[in-house]
Structures are given as structure tokens and as C-alpha cells.
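Structure at a glance
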Amino acid sequence: MRVLYFAWLRERIGMGSEEISPPDNVTTVADLIAWLKTREARYEAAFGDVTAIRVALDQEQADFDAPLTGVREVALFPPVTGG
Amino acid sequence: MRVLYFAWLRERIGMGSEEISPPDNVTTVADLIAWLKTREARYEAAFGDVTAIRVALDQEQADFDAPLTGVREVALFPPVTGG
Amino acid sequence: MTVRVQEADFDPGAELESLAAGDKEIGAVVSFTGLVRGTGDVSTMTLEHYPGMTEKALEAIEAEAHERWPLQASLVIHRVGPLPAGARIVFVATASRHRRAAFEAAEFLMDFLKTRAPFWKKEVTADGTEEWVDARETDNAAAERWAR
Amino acid sequence: MTVRVQEADFDPGAELESLAAGDKEIGAVVSFTGLVRGTGDVSTMTLEHYPGMTEKALEAIEAEAHERWPLQASLVIHRVGPLPAGARIVFVATASRHRRAAFEAAEFLMDFLKTRAPFWKKEVTADGTEEWVDARETDNAAAERWAR
């Protein structure tokens, strides 16, 4: 599974994307974030306030309780500020 | 006093403007239109339906009961359709 | 705040460029361009106006927009004379710090221009038939939205 | 219906011209141009985006506008990369038979673009300080106006 990070999330984690293989008990977006936070301090710092995080699954906006089954690309980012 | 006519009012009356000297009992816009209608058939035809007529006094929109005292330029025209 | 009534065509791109030039506070520019629709057999639209009052009316409408919204700049151009189908008739542009003011002010300017500025349109069809355009009730309703 | 995401600048006048070209039914063209405001010491705005999703999101927003309003044409351009104060960031244009649809659709496109398209702005000041722009609650409120 590919994970993408944008804006200050990308900066705090220190990379724009990575390939990950989460354990089987990671079935939703919320699970994934919880698991990422256990990996290293920079993830914990990046995901400290999950209310400030938005998610897209295979390039479609999704919620934290969305299942990851069959998903190839997860993007995590702050609320958008374009225009 | 100068009177200006626009759009189909100008076409029906056959001129864009004229100098007039209405009698003293013509004190409002409504009086003026009533007096113009007595002059010739083309005025009567032009002012047949006064609900379709708008008026400006010295280039400011006005009502039919507005007094003509001190007014130098009266404009009579159909509802505007620009833009 | 600028108002122009002219027979000549204008260049929307150049107008937008100069409207926003030199004021770094401007974050939003909205423009409206009105075109002669070539519906049915309309070949030309002839625009008549009331010289003198037209400019005063447009300036009053523009001043009211600046009173209601925090605008950095605005522009109204209205053409007169014969205009072929597809030609530009009217151009309204507004510049503000934020988009909502620019959008609302531009729509207000058009609604008021349509109901308060002394312009009259006559349609001329290919066979030479002429017909004055009737005022539209929807334009009055649009202008009344802004009553306060 | 066209969406473009690009680093290069664009020409609003040329875009407006080609948007209305060739369709005689078009009577109203509305454009919105967003500029980098040079407030305080902001010297540059850097626009990051999510390639792939950005285009899909903009196309979905545009398709929704065409579902809601009778539009003859529309265009969305969004720039990415570093942009100096005064630079154009975004351009939205809509063409319709009548003005109300064109105005509403353009405002809708901007409100949805601001809240649904994956762009992020970072302000860079003259001394090199960088700061990500926070999402604005007023943008969410603006987008919610269109709920149905």
C-alpha cells in the first residue's frame, strides 16, 4: 500500500510518500493512523491532532472509519487551502 | 422646457427632443403627459399606456406626481433594457 | 471607480489587467461580460441611450456598490450603437481583498445597471424587421433582491 | 468543461475569448481571478497539490456545476509552484445564456474548489520564514451554502 503525505504533514514526516505493509488488524483509516503513530516519534508528532487531518483513498475523499480493503493509495493531508 | 423622447416613444412621436412651453396649469409630470396627448394624434398614440412610460427630471428618475418647478429637462422613455 | 459609455469594442483581458495593477491588497477580481445572443434571426442589436444621464446613473450605481462592499477597484463599460450577434455589449469588473465581495458587487452592478441605467435595445432581424426589447420582470426581481 | 493545473501563467483575456467563441447562445460570461495578495511581508506563495487527484476533484466540481446550472461552457485553471505577490493563482470562467446562472456557477466553482480540491498554500516572507496557510472557516461556510 502506498501512503502519500502533503503540506506540513509531508514536512513533519520528512517524505512525500512511502510503501507500507501494515499488519492485518489495520482495517480502517483510523487504524492506519494509529499504527503509523507507533512507528516513530515524527509520525506521532505529525498525527498529534487528527482533527486537522483529511484523507483520500485512491484519490477520493474519505472518512476515518472507511475500510482499507482493496485500497492501493492512501493520502493524508491537512484541510485544503487552494484557490 | 426641453423634453426628450427615447426608444419607441421617440419613434412614435417622430423626434428625439423638442422645446415646449406648457400652460401654467401643467405642474406635474402627469399634467405634462396629459397636455402633450391633447396636442396631436401621434402623442396620444405614444402615451396611450402610461404604465409603460418612465420619466427623468434633469437626468434623475422621478415619479408621475413629481412637480416640474425649476425643471429644465424632462425625459420620457420606456422601461430600460440595457446590459 | 470608472464608467465608460462608448461605441468602440473593448478588451476584457487588458481591462482586467489594469484593474488589478498596482494594488497588492487585491486578491479577487470578478468580471461579467454581456454578449449579443444570436438567437433566432436576430442579426443586430442596436443600443440607444440617454447621453449625460447614462453616465450619471452608472456612476451612482457604482458608488452604491462601493458603499456596500469593500472594493479596491471597479469598472463599468457599456457599448451603444449597432452591435452584431456575438459582440460584447457590457463589461463589469470588481476587485476586492476577498472573493465574496467581488462576486456580490459585480452581480449587484449588473442587476442595477439592467433596471436603472437608461439604455434601450432594439433587435434587428436579417430581413430588416425591428423590434424594441421588452423589459423583463426577472430583471426587476433580481434588482429587488438587493433592497435594504 | 476544461480543467488545467499548471505552473505557467495564463492569459484571462484569451481564455475569455475562446470560452465564448463559436456559441451564439452565450449571453453571459463570468470570470473569477484569484491573485496572491502581498499583505504584510509575504513575498511568495507556494502552491502544493496532489497530482492526479487534483484534476479528478476539479473535474467532479465542474461536472456538478454543469448539473446544477445550464452552462454553455466553463473553465478552471489553477497554478502550482512558487508564485510572487500579485501573481494569478486561479481562474474560473463560466458561460451561459443568462447572467444569473453564470454568476452562481462561478461562485459555486470557487467555493467548492476552495474546500474540495487538494491544494495547499505556504506563505514565504521576505526573510525566508515559511508558514502553511490555515483553512478558513468562512470557506467551509461558503461551500455549505450550496448544500441541497
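It should be noted that the structure appears before, not after, this text.
Heads up: these notes are all about the structure in this document.

Rules used throughout
- Residues numbered from 1 in each chain as written.
- Chains lettered and ligands numbered in written order.
- Predicted model: local features only at pLDDT ≥ 70, side-chain atom pairs only at ≥ 80, totals over all residues.
- Heavy atoms only, no water.
- Helix = DSSP H or I, 4+ residues; strand = E, 2+ residues; numbered from the N terminus.
- Rg over C-alpha atoms; globule rule 2.2 N^0.38 Å.
- Buried < 20%, exposed > 50% of the residue type's maximum accessible area, 1.4 Å probe, protein only.
- Contact = heavy atoms within 4.5 Å.
- Areas by Shrake-Rupley, 256 points an atom, 1.4 Å probe, with all protein chains shown as cover.
- Pairing = 2+ DSSP bridges.
- Axes fitted to C-alpha atoms, helices over the stretch in contact; angles between N-to-C directions.
- Expected span 1.5 Å × (residues − 1).
- Arc of directions from axis to C-beta.
- Least-squares fit on C-alpha atoms with pLDDT ≥ 70 in both.
- Buried area = accessible area lost by both parts, 1.4 Å probe.
- Salt bridge = Lys/Arg side-chain N within 4 Å of Asp/Glu carboxyl O.
- Polar contact = N/O pair within 3.5 Å; in protein donor to acceptor, adjacent residues only side chain to side chain.
- Parallel < 35°, antiparallel > 145°, perpendicular 65-115°, else oblique.
- Left-handed = near helix turned anticlockwise from the far one by under 90°.
- Nonpolar A, V, L, I, M, F, W, Y, C, P; charged D, E, K, R; others polar.

**Focus: the overall build of chain A**
- Of regular secondary structure, chain A possesses 3 helices and 5 strands.
- Going from the N terminus to the C terminus, chain A shows its helices and strands as β-α-β-α-α-β-β-β.
- Taken against the 2.2 N^0.38 rule, which gives 12 Å for 83 residues, the C-alpha radius of gyration of chain A at 12 Å falls within 12% of a compact globule.
- In terms of overall dimensions, chain A has C-alpha extents of about 35 × 30 × 20 Å along its principal axes.
- In chain A, which comprises 83 residues, the proportion classed as buried is 47%.
- For chain A, long-range pairs separated by at least 24 residues make up 50% of all intrachain contacts whose partners lie at least 6 apart in sequence.

**Brief notes about the overall build of chain C**
- From N to C terminus, chain C includes 4 helices and 8 strands.
- Taking 148 residues into account, the globule formula puts the C-alpha radius of gyration at 15 Å, and chain C, at 16 Å, falls close to it.
- Counting contacts in chain C only where the partners sit at least 6 residues apart, residues at least 24 apart contribute 77% of the total.
- Of the roughly 5,900 Å² of accessible surface on chain C, 48% is carried by carbon and sulfur atoms.

**Description of the sheet that holds strand β1 (residues 2-6) of chain C**
- Across the sheet, 8 strands lie side by side as β1(C)-β4(C)-β6(C)-β2(C)-β2(D)-β6(D)-β4(D)-β1(D); this open sheet has mixed pairing. Two strands bound the open sheet, and with one partner strand each, they are β1 of chain C together with β1 (2-6) of chain D. Neighbouring strand axes in the sheet, compared pairwise and without regard to direction, differ in orientation by 10° on average.
- Pairing between strand β2 (residues 28-35) of chain D and strand β6 (residues 88-96) of chain D: 8 bridges, direction antiparallel. Looking at β6(D), one finds that Ala28(D) is bridged to Ser96(D).
- Contacts between helix α1 (residues 12-20) of chain D and the sheet are confined to β2 (28-35) and β6 (88-96) of chain C together with β1, β2, β4 (71-79) and β6 of chain D, with β6(D) contributing the most and set at about 20° to the helix.

**Considering helix α2 (residues 53-68) of chain C**
All names here are of chain C.
- Over its 16 residues, α2 runs 23 Å from end to end, which matches the ideal 22 Å to within 8%, given 1.5 Å per residue.
- All of the buried residues along α2 are Met-53, Thr-54, Ala-57, Leu-58, Ile-61, Glu-62 and Ala-65. Within α2, the buried residues cover an arc of 165° as seen down the axis, which keeps them to one side.

**A few points about unusual backbone geometry**
- Positioned with a positive phi, Gln59(A) is a non-glycine residue whose angle comes to about 70°.
- Along the chain, Gln59(A) falls in the loop between β3 (54-57) and β4 (60-62).
- For Gln59(A), a relative accessible area of 18% corresponds to the buried category.
- A positive phi angle, near 45°, is found at Asp58(B), a position not held by glycine.

**Notes on the relation of the copies chain D and chain C**
- When chain D is brought onto chain C, the operation consists of a screw motion whose angular component is 180° and whose axial shift is 0.0 Å, with 0.0 Å RMSD remaining. Here the two chains are linked by the operation of a two-fold rotation axis. Relative to the rotation axis, the C-alpha of Gly13(D) is the closest in chain D, positioned 1.7 Å from it.
- A share of 100% of the interface residues of chain D reappears at the interface of chain C, consistent with the copies meeting face to face through the same patch.

**Points about the interface of chain D and chain C**
- Contact with chain D, which involves 36 residues of that partner, is made by 36 residues of chain C.
- Interface area for chain D against chain C, summed over the two sides, is near 3,200 Å², with a carbon-plus-sulfur share of 49%.
- Looking at the side of chain D facing chain C, the largest losses of area belong to Arg37(D), Arg99(D) and Phe103(D), adding up to 24% of the total buried there.
- For the pair chain D and chain C, the number of links is 10 salt bridges.
- Glu107(C) is paired through a salt bridge with Arg100(D); the nearest N and O atoms lie 3.6 Å apart.
- Across the chain D-chain C interface, the total number found is 15 residue pairs in polar contact (both at pLDDT 80 or more).
- Put simply, the parts of the chain that give the side of chain D that touches chain C at least two residues each are α1, β2, α3 (99-116) and α4 (137-144) of chain D.

**Describing the packing of α3(D) against α4(D)**
Residue and element names in this part refer to chain D.
- Between α3 and α4, whose axes approach to 9 Å, the crossing angle comes to 130°. Our classification of the angle between α3 and α4 gives oblique. The two elements α3 and α4 meet at a crossing, and its hand is left-handed. On α4, the residues touching Asp-111, Phe-112, Lys-114 and Thr-115 of α3 are Asp-139, Asn-140, Ala-142 and Ala-143.
- Per-class residue counts for the contact of α3 with α4 are 3 nonpolar, 2 polar and 3 charged.

**What to know about the arrangement of the chains**
- Here the protein chains form 3 pairs of chains in contact, of which the pair with the most contacts is chains C and D.
- One finds no contact between chain B and chain D; the C-alpha atoms of the two approach each other to within 10 Å at their closest.

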